[in-house]
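Fold and geometry: a report
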Amino acid sequence: MADAAIEPGEAAGAVGGGAGDMLVCRGLRKTYGERVAVDHVGFTIARGETYGLIGPNGAGKTTTISIVCGLLTRDAGEVTVAGRPMGPGATDAKAAIGLVPQEVALYEDLSAEENLTFFGRLQGLDRRTGAARVAEALELVGLTDRAGDRVGAYSGGMKRRTNIAAGLLHRPQLLVLDEPTVGVDPQSRNAILESVEALGAEGLSVLYTTHYMEEAERLCDRIGIIDEGRLIAEGTRRELVARLGAGDRVDVSGTGDLDAFAAACAALPGVVGADRRDGGVVVRVVDGSTALAGIVGAAAAEGVAIAGIELVEPDLEDVFLGLTGKALRD
Amino acid sequence: MPRHVSQVRAALLVAGTDLRRRLRNRSFLVQGIVGPIALAGIISLAFGGSGGFEATIGVVDADGSPVARDFVSGVTGADMGDLRFERVESADAARAGVDDGDLGAAVVVPEGFAASLETGAPDDVVVLTSADRTISAEVARAVAAGLTDRANAARLGAAATVAAGGELPSPDDLAAVELPVRVDATGTGGDVSPAAYFGPGMGLLFLFLSVGVVARDLLADRRTRLLDRIRAGPVRDGAIVAGKGLSVLAIGTTSLLVIWAVTSLALGADWGDPAGVTLLIVASAVAVAGIAGLIAAVARSEQSAETLTTVVAFVFAMIGGAFIPPGSLPDALQRLSLLTPTGWALQGFADLSAGGGDVADVVPHVAALLAFGLVPGLAAAWLLPRRLGAG
């Protein structure tokens, strides 16, 4: 587990507070009484970059983006968006941001068109430009035919799509998405991910928070891992996996004394770490092909009957496990 | 380049959207307009329609003496508006009339009443009442008490005369005596029709309840992060609070204006000088908006906002006189009514309606209502942004 929070530029590959940065956060800290929600968090997002902030529920992701968007006062640290300092009253900096909250933040008793018109006009769009952007956004999320229906009558997926459209109306320079796929059916989830991919490809800077590692792996150029309010690692997926020192992961399922088996695996040469998981053991190794024989031997020595064994490439889940000693979705 | 967004425009956008949502909400229309009008109408009918209290009291002269005759002709000949006295032939007919509901109550001067005044045990004047016509019963008792008080005064005078060595006067002589002291029941402020009193009373009660929904919605918007989405735009917290306040003000003013129009046209209520009424309505809406804002600022949850709103609405309505006019309450409660915006508003409306007052007469009421709105409103404007930004 990392000893200290990292600052922009400290992590390998981090982009450090340059003129090309859309978002710069330094030393963010927020406390609620005795509880430290965010502790010296710092990262940057370059123009056109999609940055993932991943961590389990309650890690401090939402508090961090609330500070980034000027919704919360901070106890310490600084935030600049497109070169403008951010705070609750910083209307110039806020104009550069499009926020898509985790919840469906729309008026259910108004239609999608009315909701989008309201949020567009709040962003300073005049009536004509607003109408054009609303039509464009509805087209983008495939809701033109249902534009006049009350949002309350929409399916969960349609609401989510409208929720995203509301954050894009004013063509922000930085799109902030807070766990946009929580509670979404697979089809809508895929549509949302495709939209974010497309926006990133168009050069929009994106801050994307999630606790789904596969989403971060698919969408993000760089990833920051946050846990208990601290940014414990940052980099590209490849860089983060490399931090593990493990080239492969061996998933063993079986029955018997799995704790003893995990301990025996951890002592094998070429093994970076071994942890118990439901019905098996996960072994992180430098090279899977050379470690397999030793792992099978350890199982036999500990009396574990192997039901299955699989050699896989480590993912961010393993990175998180390696860094914190706990599973991301615990 | 960032777009410049006028904070006034932002506040108007928030207010406009809020109003659109309220007007679409049927429960709001029921609570804000239909409810108070219906309740004011029902209470007005309970108090005898827009013309005030109406009743017919039967009077029976079973005695036939000059005392009884004068009493009956006195009350039946008096012009008391919608309170009528009707001569009835017998006590049995009066009882039947009361039982059938034709009479609100009846006063019976029994046979031998005048003669009994000369004895040691004079007869009682009988009052026939019905359990469900309490006001008529009270009127009949008061009228009967007038006769017995007069008889008792005469007996007292006669006893004094005899004690001084004089001659006992006859009952007819006693009946002819003019008593020097009378009660002048003429009011100084005129009458307020029930619809003109209970219309604003119920309007204010329901207004508190309906704008409480706005306070609750603000907290719900915070929970669902809709407020975050608005605050993430180039909009200052002050503009959002001002927009919500404007919306409540518009809702309150519209609601009371509609109640005024409907009670005037449908129930014949006369609220008095239109300029004074308009001023009082706007000031009342300011008071309600300020208090609702403070509730939104201090409530911890939607549930607590709703509970607080309901408690405040009913306490103000009870103490302020929305259900029972303060004049009917003990002195302490009458004084307490002026600790509520409802009390000030209703007193102002009553002064306009009954006393024929104008704008100048309601200036103190308007000032008090504005203070009731501005003090909590300013506190809310200070507290709300801090609560929103503190997370």
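Residues numbered from 1 in each chain as written. Chains lettered and ligands numbered in written order. Predicted model: local features only at pLDDT ≥ 70, side-chain atom pairs only at ≥ 80, totals over all residues.

**Some points on the overall build of chain B**
What counts here: Put simply, DSSP H or I for four residues or longer makes a helix, DSSP E for two residues or longer makes a strand, and each gets a number counted from the N terminus. Throughout, a pair of residues is in contact if the C-beta atoms placed from their backbones lie within 7 Å.
In terms of helices and strands, chain B carries 15 helices and four strands. Taking all contacts inside chain B whose residues are at least 6 apart in sequence as the whole, residues at least 24 apart take part in 79%.

**Concerning the interface of chain A and chain B**
Facing the 29 residues of chain A at the interface are 26 residues of chain B. Every element with two or more residues in the side of chain A that touches chain B is listed here: helix 2 (91-94), strand 6 (97-100) and helix 3 (112-122) of chain A. For the side of chain A that touches chain B, the leading source of residues is helix 3 of chain A, giving four residues.

**Here we look at the confidence of the model for chain B**
Detailed conclusions should not be drawn from predicted coordinates in areas where pLDDT is low. Residues and elements named next belong to chain B. Selection criterion: What pLDDT expresses is the predictor's confidence in each residue, scored from 0 to 100.
Overall, the prediction assigns chain B a mean pLDDT of 80, with 85% of residues at 70 or greater. Taking the mean pLDDT of every element in chain B, the minimum, 61, falls on helix 7 (residues 171-176) and the maximum, 91, on helix 11 (residues 274-298). Quick note on the complex model: pTM equals 0.70, ipTM equals 0.79.

**Details of unusual backbone geometry**
Residue and element names in this part refer to chain A. The condition that has to hold: With C-beta atoms placed from the backbone, the exposure class of a residue follows from how many other C-beta atoms lie within 10 Å of its own: 20 or more, buried; 12 or fewer, exposed; in between, partly exposed.
With phi around 50 degrees, A82 is a residue other than glycine that occupies positive phi space. Considering the arrangement of structural elements, one finds A82 in the loop between strand 4 (76-81) and strand 5 (84-85). Since 20 C-beta atoms lie within 10 Å of it, A82 is described here as buried. Residue R171 is not a glycine yet carries a positive backbone phi of 50 degrees. Judged by C-beta crowding, with 12 C-beta atoms within 10 Å, R171 ranks as exposed.

**A look at the pairing of strand 12 (residues 271-277) of chain A**
How we decide: Note on pairing: DSSP must find at least two bridges between two strands before they are called paired.
One ladder, built from six bridges, connects strand 12 of chain A with strand 13 (residues 280-285) of chain A; its direction is antiparallel. From the neighbouring strand, A274(A) faces strand 13 of chain A, where its bridge partner is V283(A).

**Some words on the sheet that holds strand 1 (residues 55-61) of chain B**
All names here are of chain B. Where we set the bar: Orientation is described by axes fitted as lines to C-alpha atoms, over the contacting stretch for helices, and by angles from 0 to 180 degrees between their N-to-C directions.
Read from one edge of the open sheet, four strands run 2-1-3-4, paired in mixed fashion. The open sheet terminates on both sides in strands that have one partner only, identified here as strand 2 (83-88) and strand 4 (126-129). Strand-to-strand twist across the sheet, computed as the mean angle between neighbouring axes with direction ignored, equals 20 degrees. In terms of strand pairing, strand 1 meets strand 3 (residues 105-109) through five bridges, oriented parallel. In the strand pairing of strand 3, G58 is matched with A106.

**A few points about the nonpolar core**
We apply this condition: For our purposes the nonpolar core covers buried Ala, Val, Leu, Ile, Met, Phe, Trp, Tyr and Cys residues that link as a set through C-beta atoms within 7 Å.
Of all hydrophobic cores here, the largest spans 161 residues; its most connected members are V176(A), L207(A) and A296(B). Sorting elements by how many residues they give to this core places helix 8 (residues 194-223) of chain B first, with 17 residues. Once residues lying within four places of it in the same chain are set aside, the contact partners of L207(A) are L23(A), I45(A), Y51(A), L53(A), I65(A), V68(A), L174(A) and V176(A). Counting residues in each nonpolar core, the second largest holds 32 residues, with L83(B), F85(B), V127(B) and L128(B) among its members.

**What to know about the pairing of strand 6 of chain A**
Residue and element names in this part refer to chain A. Along strand 6, one buried face is formed by I97 and L99 and the opposite face, lined by G98 and V100, is buried too. As paired elements, strand 6 and strand 7 (residues 174-178) share four bridges and run parallel to each other. Note on strand 7: the bridge partner recorded for L99 is V176.

**A closer look at the packing of helix 8 of chain B against helix 11 of chain B**
All names here are of chain B. Definition in use: Crossings are sorted by hand: turned counterclockwise from the far helix by less than a right angle, the near helix makes the crossing left-handed, and turned clockwise it makes it right-handed. When residues are sorted by character, Ala, Val, Leu, Ile, Met, Phe, Trp, Tyr, Cys and Pro go into the nonpolar class, Asp, Glu, Lys and Arg into the charged class, and all the rest, Gly among them, into the polar class.
For the pair helix 8 and helix 11, interaxial distance at closest approach is 9 Å and the crossing angle is 35 degrees. As for how helix 8 packs across helix 11, the hand of that crossing is right-handed. Contact residues: helix 8 offers L204, L207, F208, V211, G212, V214, A215, L218 and L219, while helix 11 offers S284, V288, A289, A292, I295 and A296. Of the residues belonging to the contact of helix 8 with helix 11, the class tally is 13 nonpolar, two polar and no charged.

**With respect to helix 11 of chain B**
Quick reminder of the rule: Multiplying 1.5 Å by the helix residue count minus one yields the expected span of that helix.
Over its 25 residues, helix 11 of chain B extends 36 Å from the first C-alpha to the last, a length consistent with the 36 Å expected when each residue adds 1.5 Å. With respect to burial, helix 11 of chain B is a largely interior element, 20 of its 25 residues being buried.

**Looking at the environment of L256(B)**
Residue and element names in this part refer to chain B. Residue position: L256 is located in helix 10 (residues 237-267). With 21 residues separating them in the primary sequence, L256 and V277 have C-alpha atoms 9.9 Å apart. With residues near it in sequence (within four places) discarded, L256 still touches P200, G203, L207, I281, S284 and A285.

**Examining the sheet that holds strand 6 of chain A**
Residues and elements named next belong to chain A. Across the sheet, six strands lie side by side as 6-7-8-3-9-10; this open sheet has mixed pairing. Two strands in the sheet have a free side with no partner beyond their single neighbour: strand 6 and strand 10 (230-235). Within the sheet, the average angular offset between the axes of one strand and its neighbour, ignoring direction, is 15 degrees. Contacts between helix 8 (residues 237-244) and the sheet are confined to strand 9 (222-227) and strand 10, with strand 10 contributing the most and set at about 110 degrees to the helix.

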